[in-house]
Amino acid sequence: MSVGETPITIVGNLTDDPELRYTPAGVAMAKFTVASTPRAYDKTSGQWQDGTAMFLRCTAWRELAEHIADTLAKGTRVVVTGRLRQHNWQTDQGENRSMLALEVDDIGPSLRFATAKVTKAQRNGAAPSGPANDAWNTPASAGAAPATGGWGTATTGNEPPF
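Throughout this document, residue positions are counted from 1 along each chain, in the order its sequence is written. Restriction of local features to residues with pLDDT of at least 70 applies here, the model being predicted, together with a cutoff of 80 or more for giving and counting side-chain atom pairs; totals for whole chains, interfaces and linings are based on all residues. Only hydrogens and water are removed before side-chain values are computed, so all heavy atoms of the structure are retained for them.

I keep staring at the environment of Asn88 and nothing clicks. Help me out?
By the criteria applied, helices consist of DSSP H or I runs no shorter than four residues and strands consist of E runs no shorter than two, each listed in order from the N terminus. Mapped onto the elements of the fold, Asn88 is located in strand E7 (residues 77-90). Each residue is assigned to one of three classes by its accessible area relative to the maximum for its type, calculated with a 1.4 Å probe on protein chains only: buried under 20%, partly exposed between the two thresholds, exposed over 50%. Asn88 gets classed as exposed once you look at its relative accessible area, which sits at 56%. Taking the C-alpha atoms as reference points, Asn88 and Leu100, 12 residues apart in sequence, are found 9.0 Å from one another. What makes two residues a contact is simply this: any of their non-hydrogen atoms within 4.5 Å. In this view, Asn88 contacts Arg97 and Ser98; residues no more than four positions away in its chain are not counted.

Looking at this structure, how should I read the side chain of Ser36?
By the element assignment, Ser36 lies in strand E3 (residues 28-36). Here Val11 takes part through its backbone oxygen, which lies 2.9 Å from a polar atom of the side chain of Ser36. Each residue touching Ser36, except ones within four places of it in the same chain, is listed here: Ile10, Val11, Gly12, Thr52, Ala53 and Met54. As used in this structure description, the phrase polar contact means that two N or O atoms lie within 3.5 Å; if the pair is within protein, one of them must be able to donate a hydrogen and the other to accept it, and residues adjacent in sequence are counted only when both atoms belong to side chains.

In this structure, what is going on with the pattern of salt bridges? I would like to understand it.
If charged atoms from side chains of opposite charge come close, those side chains can pair. Any carboxyl oxygen of Asp or Glu that lies within 4 Å of a side-chain nitrogen of Lys or Arg is treated as forming a salt bridge with it. Tallying each qualifying case throughout the model produces 6 salt bridges. Arg83 is the salt-bridge partner of Glu103, the closest N and O atoms lying 3.3 Å from each other. Here Arg83 lies in strand E7 and Glu103 lies in strand E8 (residues 96-109), a separation of 20 residues in the sequence. Taking relative accessible area as the criterion, Glu103 reaches 24% and is therefore assigned partly exposed. When the shortest N-O distance is used, the salt bridge between Arg85 and Glu103 registers 3.2 Å. Of this pair, Arg85 sits in strand E7 while Glu103 sits in strand E8, and the two are 18 residues apart along the sequence. Overlapping salt bridges bring together Arg83, Arg85, Glu103 and Asp105 as one network.

Explanation requested: the packing of aromatic side chains in the structure shown.
The relative placement of two aromatic rings is captured by the distance of their centres and the angle of their planes. Between rings of Phe, Tyr and Trp, where Trp is taken as its six-membered ring, a pair exists when centres lie within 6.5 Å; planes separated by under 30 degrees are stacked, by over 60 edge-to-face, and by other angles tilted. Under the criterion given, the structure shown has 1 aromatic pair. Measuring from centroid to centroid gives 5.4 Å for Tyr41 and Trp48, while their planes differ by 65°, and the two rings are edge-to-face. Its relative accessible area of 46% is what places Tyr41 among the partly exposed residues.

I would appreciate a short explanation of the nonpolar core in the present structure.
One recurring pattern in soluble globular proteins: nonpolar side chains tend to sit buried together. Membership of the largest hydrophobic core comes to 17 residues, with the highest contact counts inside it found for Phe32, Val34, Val78, Val80, Val104 and Ile107. Of all the secondary structure elements, the ones that give two or more residues to this core are strand E1 (6-14), E3, strand E6 (54-61), helix H1 (62-71), E7 and E8. Among the elements that take part in this core, E3 stands out by supplying 4 residues, more than any other. Those residues in contact with Val80 that sit more than four places away from it in its chain are Ile8, Thr9, Ile10, Val34, Leu102, Val104, Asp106 and Ile107. Think of a nonpolar core as a cluster: buried Ala, Val, Leu, Ile, Met, Phe, Trp, Tyr and Cys residues, connected wherever their side-chain atoms sit within 4.5 Å.

Next up, the structure:
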């Protein structure tokens, strides 16, 4: 993050399914809107009151964009972190306009009212992960003495000394 950027975290619901597109250079981009509505407890009425909803347009890039499109859907409660960006433009009538948007650094489903099963994504060109490809998951040699696992004691094979 650069000096002068405005980091922000927002919690809210997706207003629609994320829209996945690709730039002419083939870079993935996901656009979506998060609605965040503050709630406050009114002691006099004994009721929760909704405040004014805020709708924040969000953009994510590359693998994150693809993961968002594959994982999240309309109505999903999410926790989004990123950087606020101001976009300025001029209408056909010559009026100046601006809006704030969030450039997403990270996002995930909120687990406050839901559960999620996380699956680690494969990176392009990376070897599959799992026990069969885990360098630390090497069985002890047949007939070798078992590792004691203590400090300053012998270990077998390629096991780490901790």
